[in-house]
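# Close look at the chain arrangement
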Amino acid sequence: MSEQLVPPAGGKGRIEVADFSLSYDTVEASVEAVMDVSINVNPGEFVSIIGPSGCGKSTLLNAVAGFLKPTSGRVTVDGEAVEGPNADRGMVFQQYSLFPWKTVRENVEFGLKMKGIDRHKRESAARTLLGLAGLLGFENHYPERLSGGMKQRVGIVRALATGPKVLLLDEPFGALDAQTRVIMQQILTNMWQRLRISVLFVTHDIDEAIFLSDRVYCMTARPGTIKAEIAIPLERPRQPSMMMSSEFLALRRGLMSLIREESLKAIGGEVNDIALQGLSVDLHGHSLAEVI
Ligand SMILES: Nc1ncnc2c1ncn2[C@@H]1O[C@H](COP(=O)(O)OP(=O)(O)OP(=O)(O)O)[C@@H](O)[C@H]1O
Ligand SMILES: [Mg+2]
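Please read all numbers here as calculations on a predicted model, not as lab measurements.

What links the strands of a sheet is backbone hydrogen bonding, and the strands pair in either a parallel or an antiparallel sense. Read across the open sheet, the 4 strands follow the order S2-S1-S4-S5; overall the sheet is antiparallel. At either end of the open sheet lies a strand with only one pairing partner, and these are strand S2 (30-41) and strand S5 (80-81). Of the strand pairs in this sheet, strand S1 (residues 15-25) and strand S4 (residues 72-77) are connected by 5 bridges, and their pairing is antiparallel. In the sheet register, Val17 faces S4, and the bridge partner there is Val75.

So this is what it looks like as structure tokens:
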């Protein structure tokens, strides 16, 4: 049964975004969120988008998911224009979006039920994927009894259960503490290694992007354009120990300087030199309360 879950390796799941722009029309004005972006994800590839807050990462991902329509340009999956949400594109959001009244397994089976898959097959598919995510012992639990990391793993498993061609993740680990986050990254990379599904992953976290990806697109401050495309030639499977390697650290340095430049632009007038140097202000032995 598990074999049926695994999307065919090679060939399927090519995402192409060409000359993409999107503006939001608000009462006051039109907000140009993303401008002239062209990116692609090859079948079975893991690609991340990284960029400062508000640069249009979620906008881009939501357009690939089919929740938003481009103002201009094209979004296609395997050559077919994206016209709206579809089960061939699984989506995982930062906030947990599980049904609280359903058990873990019922949450995972939901999409399959909607597709009319019979009970036995649903159950078997859900259990295979839950096993892959280390959640089999929790299949009959309700979401309220799960930790944040577990909830997000269930979210990923649920998005995978219908056998999508591509998986889209929008800062899925953003709400988790640093240690849990590292474990989640390891679980995700292991699952991906087994499934070889195309992934487009949005994150703020440079280490996360490098650790998980084959390629990373770095966006500029809004209106978001692609500033750089960086190949991550680290070998697979990825291990946490690689994060200490000189190759990893060199990639990290490069991405950090790209992002820092854009983050400063994004924050703009809020930050000045004094604010950035604030930690070195000499209080001459007085406490902060005395000085202010
Ligand atoms: N519905 C909307 N109406 C108007 N403007 C919007 C809307 N949604 C997003 N924006 C604006 O578009 C820009 C891009 O937003 P988006 O959420 O895509 O950025 P992001 O890169 O995902 O940010 P973050 O890292 O904070 O999640 C932002 O300036 C945001 O304020
Ligand atoms: Mg976002």
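Here we come to the site of ligand 1. With respect to spatial proximity, 13 residues lie near ligand 1, and among them Tyr24, Ala33, Lys57, Ser58 and Thr59 are the closest. No other element matches the 3 residues that helix H2 (residues 57-65) contributes to the shell around ligand 1. Of the residues belonging to the shell around ligand 1, the class tally is 4 nonpolar, 7 polar and 2 charged.

When two helices pack together, you describe them by how their axes are tilted relative to each other and by the distance separating the axes. Close contact between helix H3 (residues 104-114) and helix H4 (residues 119-132) brings their axes to 9 Å; oriented N to C, the two are set at 125°. Considered as vectors, H3 and H4 are oriented oblique to each other. The interaxial crossing formed by H3 with H4 has right-handed handedness. Between H3, through Val104, Arg105, Val108, Glu109, Leu112 and Lys113, and H4, the contact on the second element is made entirely by Arg122, Glu123, Ala125, Ala126, Leu129 and Leu130. Residues of the contact of H3 with H4, tallied by class, amount to 7 nonpolar, no polar and 5 charged.

Its place among the elements puts Phe173 in the loop between strand S7 (166-170) and helix H6 (178-195). Distance from Phe173 to Gln94, taken between C-alpha atoms, is 6.5 Å for residues 79 residues apart in sequence. Here Phe173 is in contact with Gln152, Arg181, Met184 and Glu208, once residues within four sequence places are set aside.

Turning next to the nonpolar core. The biggest cluster of nonpolar side chains holds 73 residues, and the ones touching the most others in it are Val64, Leu129, Val157, Leu168, Val199, Leu200 and Leu255. Non-local contacts of Leu168, meaning those with residues more than four positions away in its chain, are made with Leu61, Val64, Ala65, Arg89, Gly90, Met91 and Leu200.

Moving on to unusual backbone geometry. Trans is the prevailing form of peptide bonds, just as negative phi is the prevailing case for residues other than glycine. Between Arg222 and the following residue, Pro223, the backbone shows a cis peptide bond with an omega angle of -5°. For the bond running from Arg236 to Pro237, omega is -5°, close enough to zero to count as cis. In this structure, Pro237 sits in the loop between strand S10 (226-231) and helix H8 (246-267). One non-glycine residue, Arg196, adopts positive backbone phi at about 50°. Looking at the element boundaries, Arg196 is found in the loop between H6 and strand S8 (198-203).

All right, on to the pairing of S10 then. Bridging between strand S9 (residues 215-219) and S10 involves 5 bridges; their strand directions are antiparallel. By the bridge assignment for S10, Tyr217 is matched with Glu229. Hairpin geometry of S9 and S10 is characterised by an intervening segment of 6 residues between the two adjacent antiparallel strands.

Here we take up the sheet that holds strand S6 (residues 89-92). Judged by pairing direction, the sheet is mixed, and its 6 strands sit side by side in the order S6-S7-S8-S3-S9-S10 without closing on themselves. Only two strands of the sheet have a single partner each, and these edge strands are S6 and S10. Taking the axes of each pair of neighbouring strands and ignoring which way they run, one obtains an average angle of 15° across the sheet. Relative to S8, strand S3 (residues 46-50) runs parallel, the two being bridged by 5 bridges. Across the sheet, Ile50 pairs through a bridge with Thr203, a residue of S8. The strands touched by helix H5 (residues 148-161) within the sheet are S6 and S7, with S6 carrying the most contacts at an inclination of about 170°.

With that out of the way, let us pick up the confidence of the model for the chain. The predicted model of the chain has a mean per-residue pLDDT of 90, with 88% of residues at 70 or higher. In the model, residues 1-9 has pLDDT below 50 throughout and makes 17 contacts with residues more than four positions away in sequence or in other chains.

About the cut-offs
Residues numbered from 1 in each chain as written. Chains lettered and ligands numbered in written order. Predicted model: local features only at pLDDT ≥ 70, side-chain atom pairs only at ≥ 80, totals over all residues. Pairing = 2+ DSSP bridges. Helix = DSSP H or I, 4+ residues; strand = E, 2+ residues; numbered from the N terminus. Near = placed C-beta within 6 Å. Nonpolar A, V, L, I, M, F, W, Y, C, P; charged D, E, K, R; others polar. Axes fitted to C-alpha atoms, helices over the stretch in contact; angles between N-to-C directions. Parallel < 35°, antiparallel > 145°, perpendicular 65-115°, else oblique. Left-handed = near helix turned anticlockwise from the far one by under 90°. Contact = placed C-beta atoms within 7 Å. Core = buried A, V, L, I, M, F, W, Y, C linked by C-beta atoms within 7 Å. Buried ≥ 20, exposed ≤ 12 C-beta atoms within 10 Å, placed from the backbone. pLDDT = per-residue confidence, 0-100.

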